[in-house]
Amino acid sequence: VRYCKRLPKIELHAHLNGSIRDSTLLELAQEHDQRGTISSYPNVREIILKEDRSLQECFKLFDVIHVLTTDHSFITRITKEVIEDFAAENVVYLELRTTPKSNVLTGMTKRSYVEAVLAGITKANLVLCENHQLHAHGIQVRLLLSIDRRETTDQAIETVKLALEMKSHGVVGIDLSGNPVTGNWKTFLPALTYARQCGLPVTLHCGEVHNPDEVEEMLAFHPDRLGHACVLQESQWERLHNLRIPVEVCFTSNLRTGCVKSICDHHFAWLYKTHYPLVICTDDRGVFSTNLSSEYAIAATSFDLSEHDLFELAKNATRFIFAEEPLKRHLDRIFAGVEPNYR
Ligand code: 5GP
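Residues numbered from 1 in each chain as written. Predicted model: local features only at pLDDT ≥ 70, side-chain atom pairs only at ≥ 80, totals over all residues. Heavy atoms only, no water.

Visitor: Describe the overall build of the protein, and please don't skip the residues or the numbers.
Guide: The helix and strand inventory of the protein stands at 15 helices and eight strands. Relative to the globule expectation of 20 Å for 343 residues, the C-alpha radius of gyration of the protein, 19 Å, shows essentially globular dimensions. Its C-alpha atoms put the protein at 55 × 50 × 40 Å along the principal axes. Looking at the protein residue by residue over its 343 residues, the buried ones come to 56%. Entry remark: accessible area of the protein is about 14600 Å², with carbon and sulfur atoms responsible for 51%. Positive and negative side-chain charges in the protein, numbering 37 and 45 respectively, have mean positions lying 3 Å apart. (Helix = DSSP H or I, 4+ residues; strand = E, 2+ residues; numbered from the N terminus. Rg over C-alpha atoms; globule rule 2.2 N^0.38 Å. Buried < 20%, exposed > 50% of the residue type's maximum accessible area, 1.4 Å probe, protein only. Areas by Shrake-Rupley, 256 points an atom, 1.4 Å probe, with all protein chains shown as cover. Lys, Arg positive; Asp, Glu negative; His and termini not counted. Charge placed at Lys NZ, Arg CZ, Asp CG, Glu CD.)

Visitor: Tell me about the nonpolar core, residues and numbers included.
Guide: Counting 113 residues, the largest nonpolar core has Ile-174, Leu-192 and Phe-268 as the members making the most contacts within it. Sequence-distant contacts of Leu-192, defined by excluding residues within four places in its chain, comprise Ile-147, Ile-174, Leu-176, Trp-185, Val-202, Leu-204 and Phe-221. (Core = buried A, V, L, I, M, F, W, Y, C linked by side-chain atoms within 4.5 Å. Contact = heavy atoms within 4.5 Å.)

Visitor: Lay out the packing of aromatic side chains in plain terms, naming residues and giving numbers.
Guide: Across all of its chains, the model carries eight aromatic pairs by this definition. Both rings, one in Phe-268 and one in Tyr-272, keep their centres 5.4 Å apart while their planes meet at 10 degrees; by these two values the pair is stacked. Here Phe-268 pairs with Tyr-272, and both are found in helix H12 (residues 268-273), just four residues apart, close to one helical turn. On the accessibility criterion, Phe-268 (0% relative accessible area) is buried. For Tyr-272, a relative accessible area of 27% gives the class partly exposed. Three or more aromatic residues joined by ring pairs form one cluster here, namely Phe-251, Phe-268, Tyr-272 and Phe-303. Positioned over the ring face of Phe-322 is Arg-225, at 3.9 Å from the centre of the ring. Across the ring face of Phe-86, the terminal group of Arg-285 is positioned such that the distance to the ring centre comes to 4.6 Å. (Phe/Tyr/Trp six-rings, centres within 6.5 Å; stacked < 30°, edge-to-face > 60°. Lys NZ or Arg CZ within 6 Å of the ring centre and 35° of its normal.)

Visitor: Go over helix H2 (residues 22-35), please, and point to the residues and values.
Guide: Helix length check: H2 (14 residues) gives 20 Å between terminal C-alpha atoms against 20 Å at 1.5 Å per residue, within 8%. Looking one or two residues beyond H2, the residue adopting positive phi is Gly-36, at roughly 75 degrees. (Expected span 1.5 Å × (residues − 1).)

Visitor: Can you explain the site of the ligand? Please cite residues and give values.
Guide: The local shell around the ligand holds 17 residues, among which His-66, Thr-98, Thr-99, Lys-101 and Glu-208 are the closest. One of the side-chain nitrogen or oxygen atoms of Thr-99 is found 2.6 Å away from an oxygen atom of the ligand. Between the ligand and Glu-208, the relevant distance is 2.7 Å, taken from a nitrogen atom to a side-chain nitrogen or oxygen of the residue. In isolation the ligand offers 510 Å² of accessible surface; the protein chains occlude 98% of this area. Top element by residues in the shell around the ligand is helix H4 (residues 55-68). It accounts for three residues. Grouping the amino acids of the shell around the ligand by side-chain chemistry returns three nonpolar, nine polar and five charged. (Near = heavy atom within 4 Å. Polar contact = N/O pair within 3.5 Å; in protein donor to acceptor, adjacent residues only side chain to side chain. Nonpolar A, V, L, I, M, F, W, Y, C, P; charged D, E, K, R; others polar.)

Here's what the structure looks like:
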């Protein structure tokens, strides 16, 4: 784990509200409790601290988290903390994703939500600059805006338009996520197609549950990356192999939510063996009590990878980022600079 922590790493699949520290969530719950704004969840502490969660229980937890994080100041705070936590384990590039939300009670709009996240990124940068001796390479942060499968076509298009307007502020792509048994992904096809036409890369949560028709259609859409891709049919694995769409692999999340039965059954083994483009990620470091270094350590111990293999995995991930070319070259230079120490 020590090697995995020292290794510069790229994180491409991290949901903001799934990456909050437990201590912060508990603090926010207490604050809401005092204000009387969380009365519909009397057992909020147990919900937050529960260890094993099914996929559906995770979405219940997200509903609770979303009640706790309705203030702009909370959004800014959690963003800053999440970035600090990734920086502390040598993540040099973080593509954080989050679903812009509106809330009439708190006066929040999708736009003001994203602005609060951007304020958190700025705050984190300031703190990390002050402590630059602790973070030799710094951390570059970019944002993906997520579309939740509960949304309508119009809401999804609003998110894409917002992403386009915020491009110069570090928004680099669009994600489709949310409860995989909810909604029909075709609802979002107009928004996703529009994003693509406007040059915004798209990543899709795909194959978290058995839904071969949806997987088929998602592969036909040919997104820029795929999240998870756990439950595919034999012919779809073959198709994926030819398409070479980079896959965001999240071991702990897949095991905890039951998308994959055991680590021995994880598709990483096959993807890795066939030199398939992939990147190791956390998904929800708070919800699943993990971090990126631990996910690399899981890869090492479960699939017998050497330190050099882990270094190559981390380095190759720069190929799949959605950010601009000069940043890719900056990250390549970081890996080239440290490579001799990792041979
Ligand atoms: P947020 O977008 O609110 O910052 O992060 C939490 C949201 O991300 C959840 O409500 C859900 O829509 C999405 N999410 C987080 N983890 C997962 C996951 O494992 N699978 C899917 N499909 N969506 C997820």
